[in-house]
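Topology and contacts: notes
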Amino acid sequence: MNTTKTKTNSGNSTISMGQHYRTLLSIGIPIMIGQMGMIVLSFADTMMVGHHSTTELGAASFVNNIMNLAIITGTGFSYGLTPIVGALFGRGEHAGAGQALRCSLLTNTLAAVAMMAVLLVLFFNLGNIGQPAELLGYMRPYYMVLFASLPFVMLFNAFKQFTDSITLTRTSMWILLSGNLLNILGNYIFIYGKCGSPEMGVIGAGVSTLLSRIIMVVVFATVFLRARRFAEYREGFFRLGWSRDLLRRLGSLGTPIALEMGMETASFSLSIIMVGWLGTIALASHQVMSTISQFTFMVYYGLGAAVAVRTSYFHGQHDVQNVRHTVTAGLRLMVMLEVEPEPSLRRSPARMVAASFSLFQLVALPRPTMQGTKASLEPIWTEMTSALRM
């Protein structure tokens, strides 16, 4: 059993490995829940658009994959805020953290403008990349509605990374979940033409997404500007103004992460162009499986974000030993995760179901079943559970 304890900077208290595990889970689980809510929303979009029209689902598949590539790249860029705010929070410099948020809102907006320029070039060439002609009439308006929502995604990311970095992960979780419920309700109204709205199909799904993203940013900004717990951060946000050094640091930290996440995502997302060459059914199937495969990613994302928050906190205190133990605890938790999603596609057309299950075999994460793998994980599991009981 590992009973390792580490001294904090004050030298008066210790942090056991069990405490590291519990803290990572308390920070990471709300992030996981919020991000899984996004996957549930994506799945609801897929189900509702697919129920309305398989052709529209195919169009949505292409556009969603392109937009998700931009969103994930932008999310990577916004991660540059985490080590800055985490370190300031660790040192108790709350006003400086508020100033960092102000600068992040600017850099994220500029990043959104840059990505929108690239997306606009692609929009004007949709007819030149071999996509099914019957889908272009659905793709173009849906594309532009989601295109308009990208700045709000980046502004939301700035607020989210800020609150996550000061360990208030439940704030973004509740805003995300509420926004997702609002989006699903909007889907029902706009896709199917309920409550006096015209029946808009896939475009209605885009309108609902745009409105929910705007509302989530407004709510997040309102919480930050009015909640008492953010009072010290607001002082720095308004009083300290802009900082060229912070702007440079946000760019230098966020750009490599954005490129890494963007290239990793592009390896799968850009295949949607070639999938489109196979026809509408292939596009619709790709959308179903993309939604399911994202579920497993978000579980690990939540824990990874928690590790980043805690290591930034200890780094700000120059506490190298607790940085090391936080990373060790995070790696052990990730190794022990076993995720095996099981899709339910009974409402989809038969050919789309068959294609989806074929793709599912390639993207689903298998549970470790080999005897050697289990044997190698058993000591880690025993040590971790023992530490959590402490």
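About the cut-offs
- Residues numbered from 1 in each chain as written.
- Predicted model: local features only at pLDDT ≥ 70, side-chain atom pairs only at ≥ 80, totals over all residues.
- Heavy atoms only, no water.
- Helix = DSSP H or I, 4+ residues; strand = E, 2+ residues; numbered from the N terminus.
- Buried < 20%, exposed > 50% of the residue type's maximum accessible area, 1.4 Å probe, protein only.
- Contact = heavy atoms within 4.5 Å.
- Areas by Shrake-Rupley, 256 points an atom, 1.4 Å probe, with all protein chains shown as cover.
- Axes fitted to C-alpha atoms, helices over the stretch in contact; angles between N-to-C directions.
- Parallel < 35°, antiparallel > 145°, perpendicular 65-115°, else oblique.
- Left-handed = near helix turned anticlockwise from the far one by under 90°.
- Nonpolar A, V, L, I, M, F, W, Y, C, P; charged D, E, K, R; others polar.
- Expected span 1.5 Å × (residues − 1).
- Phe/Tyr/Trp six-rings, centres within 6.5 Å; stacked < 30°, edge-to-face > 60°.
- Lys NZ or Arg CZ within 6 Å of the ring centre and 35° of its normal.
- 1 Å grid on protein atoms, 1.4 Å probe; cavity = no way out; pocket = protein on both sides within 12 Å on 5 of 7 lines; lining within 4 Å.
- Points joined across faces, edges and corners; volume = space filled by probe spheres on them.
- pLDDT = per-residue confidence, 0-100.
- Salt bridge = Lys/Arg side-chain N within 4 Å of Asp/Glu carboxyl O.
- Core = buried A, V, L, I, M, F, W, Y, C linked by side-chain atoms within 4.5 Å.

Focus: the overall build of the protein
- Summing up its helical and strand segments, the protein has 14 helices and two strands in all.
- Out of the 390 residues in the protein, the part that is buried amounts to 53%.
- Within the protein, contacts between residues separated by at least 24 positions form 80% of all contacts whose residues are at least 6 apart in sequence.
- Accessible surface, the protein as shown: approximately 17,800 Å² in total, 64% of it carbon and sulfur.

Topic: the packing of helix α4 (residues 94-123) against helix α5 (residues 133-165)
- Between α4 and α5, the least distance of the axes is 8 Å, while the angle of their chain directions is 160°. In terms of their interaxial angle, α4 and α5 are classed as roughly antiparallel. Pair α4 / α5 crosses with right-handed handedness.
- Residue composition of the contact of α4 with α5, by class: 21 nonpolar, five polar and one charged.

Observations regarding the side chain of Ser-172
- Relative to the helices and strands, Ser-172 is located in helix α6 (residues 169-192).
- The class for Ser-172 is buried, based on a relative accessible area of 2%.
- Sequence-distant contacts of Ser-172, defined by excluding residues within four places in its chain, comprise Lys-160, Thr-163, Asp-164 and Phe-220.

Observations concerning helix α2 (residues 54-78)
- Compared with an ideal rise of 1.5 Å per residue, which puts 25 residues at 36 Å, α2 spans 35 Å between its outermost C-alpha atoms and is within 8% of the ideal.
- The buried fraction of α2 is high, at 21 of 25 residues.

Some details on the packing of aromatic side chains
- Throughout the structure, instances matching the rule amount to 13 aromatic pairs.
- Aromatic side chains Phe-162 and Phe-230 sit 6.3 Å apart centroid to centroid with 40° between the ring planes, which places their arrangement in the tilted category. Of the two residues, Phe-162 sits in helix α5 while Phe-230 sits in the loop between α7 (202-226) and α8 (231-239), which places them 68 residues apart along the sequence. We note that Phe-162, like Phe-230, is buried.
- Members of the aromatic cluster, each reached through a chain of ring pairs, are Phe-156, Phe-159, Phe-162, Phe-220, Phe-224, Phe-230, Tyr-233, Phe-237 and Phe-238.
- Above the face of the Phe-237 ring, Arg-102 is positioned so that its terminal group lies 6.0 Å from the ring centre.
- Over the aromatic face of Trp-242 sits the side chain of Arg-102, whose NZ or CZ is 4.3 Å from the ring centroid.

Topic: the layout of surface pockets
- Considered as a void within the structure, the second largest pocket measures approximately 360 Å³ in volume.
- Within the residue set of the lining of the second largest pocket, elements represented by two or more residues are α3 (81-90), α5, α9 (244-269) and α11 (280-316).
- For the lining of the second largest pocket, the leading source of residues is α11, giving nine residues.
- Residues belonging to the lining of the second largest pocket are distributed by class as follows: twelve nonpolar, five polar and one charged.

Re the confidence of the model for the protein
- Confidence along the protein averages 76 in pLDDT terms, with 73% of residues attaining 70 or more.
- Across the protein, the element-wise mean pLDDT spans from 38 in helix α13 (residues 350-363) up to 93 in α4.
- Confidence drops under pLDDT 50 across residues 1-13; counting only partners more than four residues distant or on other chains, this segment forms 33 contacts.
- In the predicted structure, residues 339-390 sits below a pLDDT of 50 and forms 73 contacts with residues beyond four places in sequence or in another chain.

Here's the deal with unusual backbone geometry
- Unusually for a residue other than glycine, Thr-167 sits at a positive phi of about 70°.
- On the secondary structure map, Thr-167 appears in the loop between α5 and α6.
- Take Thr-167: its relative accessible area is 33%, and that puts it in the partly exposed class.
- Here the phi dihedral of Cys-195 falls at roughly 55°; this positive angle occurs in a residue that is not glycine.
- Within the element layout of this structure, Cys-195 appears in the loop between α6 and α7.

With respect to the pattern of salt bridges
- Tallied over the full model, the rule gives three salt bridges.
- Glu-93 serves as the salt-bridge partner of Arg-91, at 3.1 Å between the closest nitrogen and oxygen.
- For Arg-91, a relative accessible area of 40% corresponds to the partly exposed category.
- Residue Glu-93 is classed as partly exposed on the basis of its relative accessible area, which comes to 36%.
- Salt-bridge contacts for Lys-160 lead to Asp-164; the nearest nitrogen and oxygen are separated by 2.7 Å. Of the two residues, Lys-160 and Asp-164 are both situated in helix α5; the distance of four residues between them amounts to about one turn of the helix.

Notes on the nonpolar core
- By size, the foremost hydrophobic cluster in this structure holds 34 residues, and its most contacted members are Val-63, Leu-119 and Tyr-143.
- Of all the secondary-structure elements, those providing two or more residues to this core are α1 (17-52), α2, α4, α5 and α7.
- The contact partners of Leu-119, leaving out residues within four places of it in the chain, are Ile-66, Met-67, Ala-70, Tyr-143, Phe-147 and Leu-150.

Brief notes about the packing of α4 against α8
- One can describe the packing of α4 onto α8 by two numbers: an axis separation of 6 Å at closest approach and a directional angle of 55°. The angle between α4 and α8 falls in the class oblique. α8 is crossed by α4, and the crossing has right-handed handedness. Along the contact surface, α4 presents His-94, Ala-95, Ala-97, Gly-98, Gln-99, Leu-101, Arg-102 and Leu-105, while α8 presents Glu-232, Tyr-233, Gly-236, Phe-237, Phe-238 and Arg-239.
- In the contact of α4 with α8, the residues fall into seven nonpolar, four polar and three charged.

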